[in-house]
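# What the coordinates show
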Amino acid sequence: MAVIASVSGLNVAQPDLAVEFGASQSTILWIINLYTLSLAALLLPLGALGDRIGRKPMLVAGLVLFGAANVAGGLAPSAEVMLGARLLSGVGAAMIMPITLAVITSTFPEEERGRAIGVWTGVAGGGGILGMFLSAALVDVANWRLLFVLPVVLVLVALVMTLRSVPDSREISGHSYDTTGALASVVAVVGLICFLQEGPERGWGEPLTLLSLAVGGLAGVFFVLWELRRRDAALLDVRLFRERGLAGGSLTLLAVFGVQAGIFVVLFPFLQAVLGWSGLLSTAALMPMAVLMMLTSGLAPKLAERVGPKATMATGIALSGAGLGLMAAVVSVDGGYLSLLPGMLVMGTGMGLSMTPSTEAITGSLPQERQGVASALNDVTREFGTALGIALLGALLSAGYRDAITPRLDGIPETAAAPAREGVATALDAAHTAGPHAAALSHAARESFVAGWQQAMWAGVLAMAALLAYVMFRGPSRKQPLATT
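Only a predicted model underlies this, so the values are computations on that prediction, with no experimental measurement involved.

Rules and cut-offs
- Residues numbered from 1 in each chain as written.
- Predicted model: local features only at pLDDT ≥ 70, side-chain atom pairs only at ≥ 80, totals over all residues.
- Heavy atoms only, no water.
- 1 Å grid on protein atoms, 1.4 Å probe; cavity = no way out; pocket = protein on both sides within 12 Å on 5 of 7 lines; lining within 4 Å.
- Points joined across faces, edges and corners; volume = space filled by probe spheres on them.
- Helix = DSSP H or I, 4+ residues; strand = E, 2+ residues; numbered from the N terminus.
- Nonpolar A, V, L, I, M, F, W, Y, C, P; charged D, E, K, R; others polar.
- pLDDT = per-residue confidence, 0-100.
- Contact = heavy atoms within 4.5 Å.
- Salt bridge = Lys/Arg side-chain N within 4 Å of Asp/Glu carboxyl O.
- Buried < 20%, exposed > 50% of the residue type's maximum accessible area, 1.4 Å probe, protein only.
- Patch = residues over 30% accessible without salt bridge, like charges linked within 9 Å, V, L, I, M, F, W, Y side chains within 5 Å.
- Areas by Shrake-Rupley, 256 points an atom, 1.4 Å probe, with all protein chains shown as cover.
- Axes fitted to C-alpha atoms, helices over the stretch in contact; angles between N-to-C directions.
- Parallel < 35°, antiparallel > 145°, perpendicular 65-115°, else oblique.
- Left-handed = near helix turned anticlockwise from the far one by under 90°.
- Expected span 1.5 Å × (residues − 1).
- Bend = angle between axes of the 7 residues up to and from the residue.
- Phe/Tyr/Trp six-rings, centres within 6.5 Å; stacked < 30°, edge-to-face > 60°.

Turning next to the layout of surface pockets. A volume near 960 Å³ is recorded for the second largest pocket. Around the second largest pocket sit 27 residues that line it, and Thr100, Ile104, Trp120, Val123 and Ala158 are the ones nearest its centre. Elements with a contribution of two residues or more to the lining of the second largest pocket: helix H1 (2-8), helix H4 (55-75), helix H5 (79-107), helix H6 (110-141) and helix H7 (149-165). By residue number, the principal contributor to the lining of the second largest pocket is H7, which donates seven residues. Of the residues belonging to the lining of the second largest pocket, the class tally is 23 nonpolar, four polar and no charged.

Here's what the structure looks like:
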């Protein structure tokens, strides 16, 4: 719960962080994404390492590091310290998350394991909702720094329970730890996410952007070739992706969670900065989409039994893309929340239909004795997708905003125009001291944010269209047995 709550918690505090640190939208994006980036990059290597050295020691160490990093984040005097704290939080989270599920699967007997995993899933999902609501309430009535109290309290409780109740366990392997594969996977994830985040900001043809792509791409290719060579001793047996269900389910989760995370990053500034809503009201505004997502997620298995997993996934992906397109086409400052609501409802329905069959396609592709690999792959896919979505959609929003607001600042004094270029929150804050230019500056910032929003949404539509084409041709077959867990 602490790990998942920390993914969504800071979204609601974006305007406050920008004003507190005098930070640009790009810096705020890094503060949010550095946590998910380090979590996604280290989830697989640290999970495999914990299996070898002992799950309980790894879990205890991760909890201590995660708690200390959140204390540092709550006390951070500058954006630089906050970035460091978020990086270490992600490292601690990567030590915690895979170990928790591994402890359950290795401790509970088979007849109780499904129920235990169900509790684990429910608590993790509740962490995201609790994180958003409690964070919004704290930002509204107190201070954003109190956002870090919840993870610390949860960590202290979890640490006591771990020391008292969690037995130690480890896997005995006849192969050495795949250090080369672990390093290659980290470099590949970091390089590709940096490319997606810095491309819209710096330019896709800039040296640093191209270097990130080259490093990430080469590391990814090397990782695949190295893991093929290691075969049964590999960190991740990439031969498994020959299974249509596993490949299609993984790619769908990657894209859907990426778009979902990116949407939340751009939704909160729109509701808070552009519409002027409180954090709590902004969070409540997302609930119709979340409720539909949960309802359709429960209906998806029955639909998949009737029409097949491929048709169910394809329908969900198509609806998700349609919802994004509807939001991009209709959103406006004057239209406010009602210009978003229809697209949000369509997108929530589509995501619910696509998530459950995708997860079942992954677990159903592997035999019972390899369900640990399936669970780890499921986690890695979701977190990597989350990091990619925040990086790409957030960066497109920032770049679109900057391009749109620059020509709108003609005639506005540079003392007010300079902070306005950094992001909508700093622009609206600068408008308070802009004198007769206040109204023009506020209007320019809000309209420019919508322009950046539309750019990010259309990118999401393209991603969903590409995914739909893939699933239609390479999705899981109807004959594939889906896991009931």
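Glancing now at the confidence of the model for the protein. Per-residue pLDDT for the protein averages 82, and the proportion of residues at 70 or more is 92%. H4 holds the highest mean pLDDT among the elements of the protein, 94, whereas H6 holds the lowest, 70. Within the model, pLDDT remains below 50 along residues 479-485, and this stretch shows eleven contacts once partners closer than five positions in the same chain are excluded.

Attention shifts here to empty space enclosed by the protein. Evaluated as defined, the whole model comprises three cavities of 30 Å³ or more. Estimates place the volume of the largest cavity at around 130 Å³. Lining the largest cavity are 15 residues, with Ala5, Gly9, Ser135, Leu147 and Pro151 positioned closest to its centre. Sorting the residues of the lining of the largest cavity by element identifies H1, H6 and H7 as the ones contributing at least two each. Here the lining of the largest cavity gets five residues from one element, more than from any other, and that element is H6. Residues of the lining of the largest cavity, tallied by class, amount to nine nonpolar, five polar and one charged. Of the volumes computed, that of the second largest cavity is approximately 50 Å³. Gln14, Pro15, Ala18, Gln25, Ile28, Pro269, Ala273, Val424 and Ala425 together form the lining of the second largest cavity.

This paragraph deals with the pattern of salt bridges. Evaluated as defined, the whole model comprises three salt bridges. Note that Glu20 and Arg145 form a salt bridge whose closest N and O atoms lie 3.2 Å from each other. Remark: Arg145 occurs in the loop between H6 and H7 and Glu20 occurs in helix H2 (residues 14-21); sequence separation between them is 125 residues. Residue classification places Arg145 among the partly exposed residues on the basis of a relative accessible area of 23%. Across the pair Arg230 and Asp178 runs a salt bridge, and its minimum N-O distance is 3.8 Å. Of this pair, Arg230 sits in helix H9 (residues 207-230) while Asp178 sits in the loop between H7 and helix H8 (179-202), and the two are 52 residues apart along the sequence. As far as the burial class goes, Arg230 and Asp178 line up, both buried.

Moving on, we get to the environment of Leu341. Along the chain, the position of Leu341 falls in helix H14 (residues 341-364). According to the relative accessible area criterion, Leu341 is partly exposed, its value standing at 21%. Linking Leu341 and Leu326, residues 15 residues apart in sequence, is a C-alpha distance of 9.6 Å.

The next thing to look at is a nonpolar patch on the surface. Taken together, the side chains of Leu146, Val149, Val153, Val157 and Met161 define a hydrophobic patch exposed on the protein surface, amounting to about 410 Å² of accessible area. Tracing the sequence through the fold places Val153 in helix H7. Since its relative accessible area comes to 43%, Val153 is described here as partly exposed.

Contact geometry of helix H10 (residues 244-274) with helix H18 (residues 438-474) gives a least axis separation of 10 Å together with a crossing angle of 170°. By the criterion of interaxial angle, the relationship of H10 to H18 is roughly antiparallel. The interaxial crossing formed by H10 with H18 has left-handed handedness. Of the residues contributing to the contact of H10 with H18, the split by class is 21 nonpolar, two polar and three charged.

Okay, the environment of Gly335 next. Here Gly335 lies in the loop between helix H13 (309-330) and H14. Considering only alpha carbons, one finds Gly335 and Val274, 61 residues apart in sequence, at a separation of 11 Å.

Among the secondary structure elements, Val186 is positioned in helix H8. For the pair Val186 and Leu37, spaced 149 residues apart in the sequence, the C-alpha separation amounts to 9.8 Å. Setting aside chain neighbours within four positions, we find Val186 in contact with Ala41, Leu42 and Pro45.

Between its first and last C-alpha, helix H3 (residues 25-53) extends 41 Å over 29 residues, near the 42 Å set by a 1.5 Å rise per residue. Leu43 marks where H3 bends most, by close to 50°; the proline Pro45 follows one to four residues later. Positive phi shows up at Gly54, right after H3, with a value of about 120°.

Let's shift gears to the packing of aromatic side chains. Taken as a whole, this structure holds seven aromatic pairs when the rule is applied. Between Trp144 and Phe148, the aromatic rings sit 6.5 Å apart at their centres with planes inclined by 75°, giving edge-to-face as the arrangement. Looking at Trp144, the relative accessible area reads 3%, which means it is buried. Classification of Phe148 as buried rests on a relative accessible area of 6%. Here a set of aromatic residues connected by ring pairs shows up, and it is made of Phe21, Trp144 and Phe148.

The next thing to look at is the side chain of Gln272. Checked against the element boundaries, Gln272 lands in helix H10. Apart from residues no more than four positions distant in its own chain, Gln272 is found in contact with Asn11, Val12, Pro15, Trp277, Ser278, Gly279 and Ser282.

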